[in-house]
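Secondary and tertiary structure notes
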Amino acid sequence: MIQDIAPKSLNNQYDPAKKPCASSPVFHFQGKKLLCSVRTERGPVEVNVSGPSSVKLTKEISFPTYEQAAAAGAFKGGEPSVNGPVPDLSFIFSVGDDDCFLLRSGDALEIPGFTYEEIGVYRDTFPVENAYAAVTAFHLNNWYESERFCGHCGTPLVHDGVERMMRCPKCGNMIFPRINPCVIVGIMHEDKILCTQYNRPGSGRFALVAGFCEIGETIEDTVRREVMEEVGVRVKNITFYKSQPWAMSSSLLCGFLCEAESEDAHADGVELASARWFTRDELKECYTPSHVALTSNIITAFMNGEIGPENCRR
Ligand SMILES: [Zn+2]
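Residues numbered from 1 in each chain as written. Predicted model: local features only at pLDDT ≥ 70, side-chain atom pairs only at ≥ 80, totals over all residues. Heavy atoms only, no water.

Time to look at the overall build of the chain. Tallying secondary structure elements over the chain gives 5 helices and 20 strands in all. Taken over the C-alpha trace, the chain has a radius of gyration of 22 Å; the compact-globule value for 314 residues is 20 Å, and the two agree within 12%. Seen along its three principal axes, the alpha-carbon backbone of the chain occupies a region of about 65 × 50 × 35 Å. For the chain, the proportion of its 314 residues judged to be buried stands at 49%. Considering only contacts in the chain between residues 6 or more positions apart, those separated by 24 or more positions represent 66%. Accessible surface, the chain as shown: approximately 15200 Å² in total, 49% of it carbon and sulfur. Measuring between centres, the 30 positive side-chain charges of the chain sit 2 Å from its 41 negative side-chain charges. (Helix = DSSP H or I, 4+ residues; strand = E, 2+ residues; numbered from the N terminus. Rg over C-alpha atoms; globule rule 2.2 N^0.38 Å. Buried < 20%, exposed > 50% of the residue type's maximum accessible area, 1.4 Å probe, protein only. Contact = heavy atoms within 4.5 Å. Areas by Shrake-Rupley, 256 points an atom, 1.4 Å probe, with all protein chains shown as cover. Lys, Arg positive; Asp, Glu negative; His and termini not counted. Charge placed at Lys NZ, Arg CZ, Asp CG, Glu CD.)

Next up, the structure:
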């Protein structure tokens, strides 16, 4: 999955005192586009999905450094204020030995070799730690862009000095990064798994039943409700599998496995266009694994015989 970047790791401990060095990566967005370099000279790189399944990535992604951003005039008018008003250069996380910074200011930068690319570029670029850093920076950038004024009193918010949080200097309102819990459900019955397809244009990819946790329910309740709403199936033996931070919807995806009481499933026709049971052999004929998402990790692990209904019985 996109967050599996071992032997490196992403350290998100908040440290507002951290200052960039010349080689520190700087993330700068224009809407959903990220300033980066995408090159093809050094690929392909093979990345594991699950079991024997892997994908080959041909595009290499990198980001401008603090030195390059400064030379392009990102901080003209003096040194950037770290965790101050815009232009605002905030330490966001480190990846391996690199301290990464987010530049918030409106104007596009012109840096030779770098262009603003749609954030979806993370899906097929290597190294995976850079792809993961890009979407995580996107998640934080969205949050910082949305949380500029206090929702209670309208006062401009400021960075907190201790935690990653925006604080209202007038009324004390505290706003933490937005993370919406969701479920992704691998529904199995004997030798089959239930795959779905979304009811929206261009969405031919296989999916699993999924949805946001609502107010007043446990995450297991979400599993039962979403499965019933989307495919009309009663499930049992709901078992937590793995989780995944999903920056594109500011979510934490909680992956569950469960067993259907019968194979009597039907798509709701609203959110889902189809819901169909697949055996492992049928998946091998038509399913293309991806290294990015928990959904693909679950489908691929089932296809390869690494998981099955027995994983739900404790
Ligand atoms: Zn306020």
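On we go from here.
The next point concerns the environment of G120. Relative to the assigned elements, G120 resides in the loop between β10 (115-118) and β11 (125-126). Residues G120 and K242, 122 residues apart in the sequence, show an inter-C-alpha distance of 23 Å.

Many analyses report the size of an interface as the accessible area lost when the parts associate. By the assigned domains, the chain splits into domain 1 (10-146), domain 2 (153-177) and domain 3 (180-312). Computed from C-alpha atoms alone, the centre-to-centre distance between domain 1 and domain 2 is 25 Å. Summed over both partners, the interface of domain 1 with domain 2 buries about 890 Å², with 59% contributed by carbon and sulfur atoms. The interface formed by domain 1 and domain 2 includes 0 salt bridges. Linking domain 1 to domain 2 there are 5 residue pairs in polar contact (both at pLDDT 80 or more). At 4 residues, strand β8 (residues 88-95) tops the list of elements feeding residues into the side of domain 1 that touches domain 2. Classifying every residue of the side of domain 1 that touches domain 2 by side-chain character gives 7 nonpolar, 4 polar and 2 charged. (Domains from an automatic or database assignment. Buried area = accessible area lost by both parts, 1.4 Å probe. Salt bridge = Lys/Arg side-chain N within 4 Å of Asp/Glu carboxyl O. Polar contact = N/O pair within 3.5 Å; in protein donor to acceptor, adjacent residues only side chain to side chain. Nonpolar A, V, L, I, M, F, W, Y, C, P; charged D, E, K, R; others polar.)

With respect to the element layout, D88 can be found in strand β8. A distance of 2.8 Å separates polar atoms of two side chains, one belonging to D88 and the other to H159.

Turning next to the coordination of the zinc ion. Coordination sphere of the zinc ion, protein contribution only: C150 (SG), C153 (SG), C168 (SG) and C171 (SG), at 2.3 to 2.4 Å. Note that the zinc ion binds 4 donor atoms; their angles at the metal cover 101 to 122°, and the shape is tetrahedral. Counting gaps between the donor residues of the zinc ion yields the pattern C-x2-C-x14-C-x2-C. Here C168 lies in the loop between β13 (166-167) and β14 (174-175) and C150 lies in the loop between α2 (128-146) and β12 (158-159), a separation of 18 residues in the sequence. In this pair, the class of C150 matches that of C168, namely buried. (Donors = N, O, S within 2.8 Å, 3.2 Å for Na, K, Ca; no water. Tetrahedral: all angles 85-135°; square planar, octahedral: opposite > 155°, others 65-115°.)

This part is about the packing of aromatic side chains. As enumerated under the stated definition, the model contains 10 aromatic pairs in all. Both rings, one in F27 and one in F63, keep their centres 4.5 Å apart while their planes meet at 45°; by these two values the pair is tilted. Of the two residues, F27 is situated in strand β2 (residues 26-30) and F63 in the loop between β6 (59-62) and α1 (66-71); the sequence distance between them amounts to 36 residues. Overall, F27 belongs to the buried group, its relative accessible area being 0%. Taking 5.9 Å as the distance between ring centres and 20° as the angle between the ring planes, the aromatic pair formed by F206 and Y287 counts as stacked. Within this pair, whereas F206 is found in the loop between β16 (192-198) and β17 (209-212), its partner Y287 is found in the loop between α4 (280-286) and α5 (294-303), the two being separated by 81 residues in sequence. We note that F206, like Y287, is buried. Above the plane of the ring of F302 lies R280, whose end atom (NZ or CZ) is 4.0 Å from the centre. (Phe/Tyr/Trp six-rings, centres within 6.5 Å; stacked < 30°, edge-to-face > 60°. Lys NZ or Arg CZ within 6 Å of the ring centre and 35° of its normal.)

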